[in-house]
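Analysis of the macromolecular model
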Amino acid sequence: MTAHRARPPLALTVPAVLAVILLALPLVGLLTRAPWSSLPRLLTEPAALEAMRLSLVVASAATVISLLLGVPLGWVLARVPFRGRGLVRVVVFVPLVLPPVVGGTALLFALGRRGLVGRLLDDWFGLVLPFSTAGAVVAATFVALPFLVLTVEAGVRSLPEDYEEVARTLGADRWAVFRHVTLPLIAPSMVAGAALAFARAIGEFGATVTFAGNLPGRTRTLPLEIFTALEQDPDTALALGVVLLAVALVVLVALRDRLRGPT
Amino acid sequence: MRPSSSPPVALAAVALAFAGGVGACGTGGDGRDEVTVLAASSLTAVFDDLETAFEQTHPDVDLVVSTAGSPSLAAQAAEGAPAALLITADARSMARADEADVLDGAPRAIATNSVTVATPTDGADARVDRVADLAQPGVIVALCAPEVPCGRAALDFLRAARVDVDADSLESSVRGVVTRLTLGEVDAGVVYRTDVSGSDGDLQSVPDDMPDEVGAVRYLAAPLGAEPGGRILLDFLIGPAGRRILTDHGFGAP
């Protein structure tokens, strides 16, 4: 590093500052309009408690399912070369860039009562996913799973294959290597991926309202409660918005070491 | 050696923040003046025809129709949405806009409507032949949320019919219920009579012997101060041409 550092060009710093303002301003708006003094009362209203409980259940379930399905997929994508791997990765990326309402519509045509697979679920098991908490979990998992898969895949990739090879030469089969060598080493990636998946799941709105409907106690999670409250009772909406912002901040603080770029 | 994967996690975090909603706004590009109307969701179909007729008689105007549940529209108007006319399906929403002091003139009644139990024509999964069937277990029912006019009208209607319904979804506008029905995701729902007649045969009404005033709503329209043109559109709606189109679509006289 040299002693005198040139000033960064204005052409870059001005847009950079604008970008920060654009991102921070809505949060400032939320925090200044939030009804701080009545927050305890608003957040203990039955409807608010119900929505928080449901969100916790739905987001936790989506995170667990994401772990069960996402860790294996992340490992496969990182370690198993196969034809169509690029295609699979695109499929994993789609929910990240697809508007959630489109995701919900797609889920409806796949798993709805008259959907491709949903029809069979109804005929064979009498299982109807829309308008059920299970449907809300499916919608949340659809949007949350990619975060876990991509984080775990990156975690596995960054492991030198030496450890696994050594274990294999010592006679362990691939499953044993995965369980006793890979899994402990990617634990930090799994935690990070699970936290991101949880944060995405608890904020899920579009796919849920489209696919699972909007019923208190069954499918009306925090974002749906905010959407419903906004027109009738903006203070409740703001109070619940503060809760979701707090959840997001907790996740980001917990992941701060991993999110910090190289300095 | 500690494995690290900062860039993908950061990327994922970016996508996380990105996964919000969508919105849009725009201005007319063909030189015509844009006149925006905020119309109750149940007026979506009739405004296709109203827009065509209005633009024929006012060639310099591009009518932009924005539909949503009445409380949403009132909230938008109260926040100063750039629109010329507000049409709600209830007096409550209109009063909220009035309290926010955004109306430019007194609200006028333009039409009436009433609710009915509707089912998908191509065979619901559960048989719903009578209003009372809505209370049967296993019948999946969508209603409007009680916050929107069609939800309150539905509650009126079901109370008068003495039917106790456990809804499976409460939609934020009547279009939501119509969509659930058309897709066959629900066995029955309570919608406006005009939604059934305007569904191109996708929906059918379940007969009831309820008087018309049960579950009825009245549409109120008021010019907004935010943009000009509201009065002209209102005059058109209550004039003979607008009246005829509304009647053709099954709306009642105010």
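Keep in mind that what you see is a predicted model, and the values were worked out from it rather than measured. (Residues numbered from 1 in each chain as written. Chains lettered and ligands numbered in written order. Predicted model: local features only at pLDDT ≥ 70, side-chain atom pairs only at ≥ 80, totals over all residues. Heavy atoms only, no water.)

Another point: the overall build of chain A. Check the secondary structure of chain A and you find 14 helices and 0 strands. The helix and strand sequence of chain A, counted from the amino end, reads α-α-α-α-α-α-α-α-α-α-α-α-α-α. With respect to the three principal axes, the spread of C-alpha positions in chain A is 75 × 65 × 30 Å. Looking at chain A as a whole, 43% of its 263 residues are labelled buried. Counting contacts in chain A only where the partners sit at least 6 residues apart, residues at least 24 apart contribute 70% of the total. Element-wise, carbon and sulfur atoms account for 72% of the exposed surface of chain A, whose accessible area totals about 13,800 Å². (Helix = DSSP H or I, 4+ residues; strand = E, 2+ residues; numbered from the N terminus. Buried < 20%, exposed > 50% of the residue type's maximum accessible area, 1.4 Å probe, protein only. Contact = heavy atoms within 4.5 Å. Areas by Shrake-Rupley, 256 points an atom, 1.4 Å probe, with all protein chains shown as cover.)

Before going further, it helps to spend a moment on the domain arrangement of chain B. All names here are of chain B. Assigned domains within chain B: domain 1 (8–111 + 218–248) and domain 2 (114–205). The partner domain 2 presents 11 residues to the 11 residues of domain 1 that form the contact. Taking both sides of the interface into account, the surface hidden between domain 1 and domain 2 amounts to around 740 Å²; carbon and sulfur atoms contribute 59%. Residue R152 is joined to D90 by a salt bridge in which the shortest nitrogen-to-oxygen separation is 2.5 Å. For the interface between domain 1 and domain 2, the tally reads 3 residue pairs in polar contact (both at pLDDT 80 or more). (Domains from an automatic or database assignment. Buried area = accessible area lost by both parts, 1.4 Å probe. Salt bridge = Lys/Arg side-chain N within 4 Å of Asp/Glu carboxyl O. Polar contact = N/O pair within 3.5 Å; in protein donor to acceptor, adjacent residues only side chain to side chain.)

In this structure, L43(B), F47(B), I87(B), L134(B), Y219(B) and L237(B) are the most contacted members of the largest nonpolar core, which totals 67 residues. Lining this core are residues from two domains, each supplying at least three of them: domain 1 (8–111 + 218–248) and domain 2 (114–205) of chain B. Counting 36 residues, the second largest nonpolar core, distinct from the first, contains A48(A), V71(A), A144(A) and F198(A). (Core = buried A, V, L, I, M, F, W, Y, C linked by side-chain atoms within 4.5 Å.)

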